[in-house]
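What follows is each chain in one-letter form.
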Amino acid sequence: MMRLLLLLMAVFVGGCATRPVPVPPSATTASLVGVRAEQLDPAYWIARQDDAQRRRMTAAAIAAQNARMVADDPAVHDLAAVPATLPRADIEAAIRALSAPPTRALFDGDGNPVPQATLDALADDLALETIGANVAPAFALVTQRADLRTFPATLRVFSTPGDTDIDRFQESALFPGTPVAVLHRSRDGAWSFVASALYRAWIESRFLASGERATVLDYATREPHVVVTGATARTVFTREQPQVSDLQLDMGVRVPLRADWPADVPVNGQHPLSSYVIELPIRGADGALALVPALLPKTADVATDYLPYTEANLLRQGFKFLGERYGWGHADGTRDCSGFVSEVYRAVGLVLPRNTGDQARSPALDRIVFEPNTSHARRLAVVRGLDVGDLVYIPGHVMMVIGRENDSTFVIHDVTGVSVRGADGAATRVPLNAVSVTPLESLLAGDGTPLVDRITAIQRVRAPTPP
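Quick look at the structure, then. No experiment lies behind these values; they were computed from the predicted model shown. (Residues numbered from 1 in each chain as written. Predicted model: local features only at pLDDT ≥ 70, side-chain atom pairs only at ≥ 80, totals over all residues. Heavy atoms only, no water.)

### Considering the nonpolar core
In terms of nonpolar packing, the biggest core is built from 66 residues, with Y309 and Y345 touching the most fellow members. With near-sequence residues (within four places) excluded, Y309 lies in contact with R54, R55, R56, M57, I62, L314, Y345, V348, L350, V461 and R462. Counting 62 residues, the second-largest nonpolar core is a separate cluster that includes L126, L183, L280 and V302. (Core = buried A, V, L, I, M, F, W, Y, C linked by side-chain atoms within 4.5 Å. Buried < 20%, exposed > 50% of the residue type's maximum accessible area, 1.4 Å probe, protein only. Contact = heavy atoms within 4.5 Å.)

Written out as structure tokens, the structure is:
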């Protein structure tokens, strides 16, 4: 996902410069796209692999790869390395880069133009003149899944009247237990400009619990722990502690496990026999961090560590999202294309940059670059040699390879829609708006050219090759 859809140009994801004709009512989506029912089961693709259970990387190799990502990729940051003070110029530059005044017309949910006065008020809320000469970052844990925004506001804005799927002020989301450095606050203090390991943006201050730097940073490394391996998991409902009641935890979220919890002591009014006792952050009335016990049902799809990095696990994890609605910038409790592949890889303990552009450019992965003049034949030859889990990038979109069949490469991706060649030979748009399985070679860009010719890069998540 990239903030600026200028990079999308005329590709098939999102809005297209040239809209193909609608899907004929008599045609089924599956037949148009070229997917059979059995291909919507991860077991089908696992069975087609020669060695799907082989570990691609050991835990030590994964740790080394993540360290390489932090060291080599400017889009990934080590919060432990944030200095005790930051100069005003650095913080102001970061905010201005994100919260730049819009240069195109925007519309609200009712299709009305967003008034300039509203945009001016958003700019004023940045309160840039209040940033001190040197700023001491505060540290906090996110207490529940919360949106990251371009401006300190919940105002949703759109490029086209009536097209409300893509909110231009939605950047991403952070999950419970995510550590952040708080760098600045909005004029009314209701919003905080934060830096996480993967993103800098505005978050509502009510979702942050401030604590000592060491306590905040230690939370993500505490042992023992559990990792969410389902698309999502939810904590047990409780009236006694509303902040940890029915809380959504997304794939790859890692939380401390209270293995020492006494078996005869209730948690929030409930016996822990049938649940895991985990520890989650909550925000006190004064904004301070407290860590409290919560229950996660034993039926939840979780593991006591990250899953082994195998082709089988990548396939199983990706298909757990199948059918989930597309959510630009992790909106509405879901995810977008780059969030989707990030969560799949996070389940095996691997860190990827947040956005498609950063992922596609990352120097910390095994990258294959396609130049604009790369021939169609060369592109096809590379695509046909890809493995399960390889990531294919076009401007503004990423797809994950799941296998090959009948000389076609199949991918799973979180996508608004695809364009294919209809029976009459014309480009036909199929509005998917969900995590979907499609073949790759038959997909078209909005202007009818093969989508393969829009590929900019392929990233393969492999252990570094020794020099």
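Once you've had a look at it, read on.
### Side note on the layout of surface pockets
Looking at the largest pocket, its volume works out to about 1,400 Å³. Lining the largest pocket are 50 residues, with A220, R254, Y306, R346 and V351 positioned closest to its centre. Listed by contribution, the elements that provide at least two residues to the lining of the largest pocket are α3 (59–72), β5 (170–174), α6 (213–219) and α8 (337–346). The leading source of residues in the lining of the largest pocket is α3, at six residues. (1 Å grid on protein atoms, 1.4 Å probe; cavity = no way out; pocket = protein on both sides within 12 Å on 5 of 7 lines; lining within 4 Å. Points joined across faces, edges and corners; volume = space filled by probe spheres on them. Helix = DSSP H or I, 4+ residues; strand = E, 2+ residues; numbered from the N terminus.)

### Considering α3
The end-to-end C-alpha distance of α3, which contains 14 residues, comes to 20 Å, matching closely the 20 Å that a straight helix rising 1.5 Å per residue would cover. If you check which residues of α3 are buried, you get I62, Q65, N66 and M69. Buried residues of α3, viewed axially, fall in a sector of 100°; they line one side. Opposite the packed face of α3, turned more than 90 degrees from it, sit the exposed residues A60 and A71. (Expected span 1.5 Å × (residues − 1). Arc of directions from axis to C-beta.)

### Overview of the pairing of β5
Looking along a regular strand, one sees the side chains alternate between the two faces of the sheet. Within β5, five of the five residues are buried, leaving the element largely enclosed by the surrounding structure. Examined bridge by bridge, strand β4 (residues 146–149) and β5 share four bridges and lie antiparallel to one another. In the strand pairing of β5, A146 is matched with L174. (Pairing = 2+ DSSP bridges.)

### Observations regarding the side chain of D414
Residue placement: D414 occurs in strand β20 (residues 408–415). No salt bridge forms around the buried D414; measuring N to O, its nearest opposite-charge neighbour R335 is 5.5 Å away. Not counting residues within four places of it along the chain, the set of residues in contact with D414 comprises E324, R325, Y326, R335, D336, C337, F340, H397, A434 and V435. (Lys, Arg positive; Asp, Glu negative; His and termini not counted. Salt bridge = Lys/Arg side-chain N within 4 Å of Asp/Glu carboxyl O.)

### With respect to helix α10 (residues 376–383)
By the burial criterion, the buried members of α10 are R379, L380, V382 and V383. End-on view of α10: buried residues confined to an arc of 160°, all on one side of the axis. Tucked inside the fold, the buried residues of α10 contact β17 (366–369), β19 (397–405), β20 and β24 (457–460).

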